[in-house]
Each structure stands twice: as C-alpha cells, then as structure tokens.
Amino acid sequence: MNNNQSYLLELHKQNAEPIEMLRQYAEANQVPIVDRLTLEMIKQLIRLHKPQRILEIGTAIAYSSMQFASVSNKIKVTTIERNSEMQLKAKENIIKFGYGEQIELVEEDALEAFDNIKHLSFDMIFIDAAKAQSKKFFTLYAPLLKEGGVIVTDNVLYHGFVSDISVVRSRNVKQMVKKVQQYNEWLMAQPDFTTNFLNMDDGLAISIKGESK
Ligand code: SAM
C-alpha cells in the first residue's frame, strides 16, 4: 500500500458505518470483500447516479450490499450468492444491521438465477463474483439494466497480474488472469456501453449503458 492510499484510508475512517466492523471479520476469516477506497468510490457513484435498484453478483457476507443500501433508504439491493456458508452469514448480518427491508438475497448460482429476477430492472449492477466469469455475468444481466444505467466490475487489474501476466507462475491463476484481460478488452469494444477503468485498489471498471462514444 502506498502513502496516498494509507492517507486516504485514514481519512475515510473518520466516518465509518457500523457495518465497517465486518471488515475485521472478513479479514480474519479470509472472506474477500470490496476494498475500502473502491467501496467509497462506488458509494459516491451511487450518490451521483441515485440508483433505486441495484443488482449485486457475489454477496459474500453482505458487507457491500449493506454499504450500498446505507446510502439511502430508497435503495433496494438484489444480491446473488451461491455459497451456502456465505448465504447464512449474509442473512445473519442483514438482520443484525437492520437491512431486511432493503436487501433481497437470492440463494443461487448467478448463472442460473436469471429466470427468478428477470421481472426486475436495475439502475446499477455490481459484478463481484468468480473473476473468470465476469463476461458471462455481464452478458446475462446487462439486458436488465436500464438505459443510462451503470455496471461496475471489481478486480479488473487482479493483484497487478492483468498488466503483467509474466509474474504469474500458477497455471490456474494464469488462465483466470487471461480471462480478466479478455474481459477488459471486450468491455472496451461494447458498442452499447462506455467503459472507463480506475487504477484504484484491485482495479474497477465503470460501464455506462447507452452513452455514445
Ligand atoms: N461483494 C462482496 C463484498 O464486497 O462484500 C464480496 C463478494 S466475494 C468477492 C465473491 C462472492 O461471490 C463469494 O462469496 C462467492 O461465493 C460468490 N460467487 C462466486 N461465483 C458465483 C456465482 N456464479 N454465483 C453466485 N455467487 C458467486
């Protein structure tokens, strides 16, 4: 972590939500959750764009979905999680922190959950599940995004490996990093979306639907 990052993290600690205590749980239990500065960026996007309905792919312990919902009590979050342990923890946290009215947990694999949520339309989609499958999630759920809506994808620089794959030794990680590279290039080529990438934490892509180039 560089000095600027540590400095900004300290600044943001000043107005942390109670939900922030889950970060310690996540770290202690090796649950990957969205990095703090990335989270603050997405919450700022939410304040600007004012989505009423957010779809999240990859709930884990419901940290990010509750953080998103905390921006306004008008926001409804539909979040999909396939892992049963995570589902249990997410349900526990949603009740504990009082977000039962705003967050709906869909307990399924996101690649199989489409039929159950296709009646909904969203203003924002957050893709934060299996990194090699981001393109599948994007393709499947983009039709549910309204014109002018935003798709945010986390980890598009994946530990710095995406910009320098030569340092990766493991074959599996290499395969995954290649998929992320392909996804980023594919995102840039989507005629219906305008995407920009932020070199922040693990890398964030922000894709706006229907913006002309
Ligand atoms: N968004 C969460 C946060 O920041 O608090 C973190 C999500 S974590 C990075 C990714 C989660 O996606 C894991 O809990 C994993 O079980 C889930 N996941 C991975 N692939 C999935 C899929 N195909 N369908 C549903 N959930 C999936």
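Residues numbered from 1 in each chain as written. Predicted model: local features only at pLDDT ≥ 70, side-chain atom pairs only at ≥ 80, totals over all residues. Heavy atoms only, no water.

1. Here's the deal with the packing of aromatic side chains
Definition in use: Each aromatic pair joins two rings of Phe, Tyr and Trp (for Trp, the six-membered one) with centres within 6.5 Å, and gets the label stacked for planes under 30 degrees apart, edge-to-face for over 60, and tilted for any other angle. The numbering of helices and of strands both runs from the N terminus, where a helix is a DSSP run of H or I of at least 4 residues and a strand a run of E of at least 2. Exposure classes here rest on a 1.4 Å probe applied to the protein chains alone. A residue is buried below 20% of its type maximum, exposed above 50%, and partly exposed in between.
Under the defined criterion, the tally for this structure stands at 7 aromatic pairs. Judged by centre distance (6.4 Å) and plane angle (70°), the rings of Phe-138 and Tyr-183 are edge-to-face. Separated by 45 residues along the polypeptide, Phe-138 in helix 7 (residues 134-141) and Tyr-183 in helix 8 (residues 171-188) bring together distant segments of the chain. Neither residue differs from the other here; Phe-138 and Tyr-183 are each classed as buried. Of the aromatic side chains, those joined through ring pairs into one cluster are Phe-138, Tyr-183, Trp-186 and Phe-193.

2. Focus: the UniProt feature "binding site: Mg(2+)" (unreviewed entry) in the protein chain
Filter applied, for reference: UniProt positions are given in the numbering used here, feature names are shortened, and annotations may be inferred rather than shown by experiment. What makes two residues a contact is simply this: any of their non-hydrogen atoms within 4.5 Å. Pairs of N or O atoms within 3.5 Å make up the polar contacts considered here, provided that, within protein, one atom can donate a hydrogen while the other can accept it, and that residues adjacent in sequence are counted only when both atoms are side-chain atoms.
Taking the numbering used here, the UniProt-annotated feature "binding site: Mg(2+)" (unreviewed entry) corresponds to Asp-128, Asp-154 and Asn-155. A compact arrangement is adopted by the annotated residues: their sequence extent is 28 residues, whereas the largest C-alpha distance between any two is 7.8 Å. Along the polypeptide, Asp-154 turns up in strand 5 (residues 145-154). Residue Asp-154 is classed as buried on the basis of its relative accessible area, which comes to 4%. With respect to the helices and strands, the residue Asn-155 is situated in the loop between strand 5 and helix 8. Classification of Asn-155 as buried rests on a relative accessible area of 12%. When sequence neighbours within four positions are dropped, the list of residues in contact with Asn-155 reads Asp-128, Lys-131, Val-180, Asp-202 and Gly-203. Only 2.6 Å separates the side chain of Asn-155 from the side chain of Lys-131, close enough to count as a polar contact.

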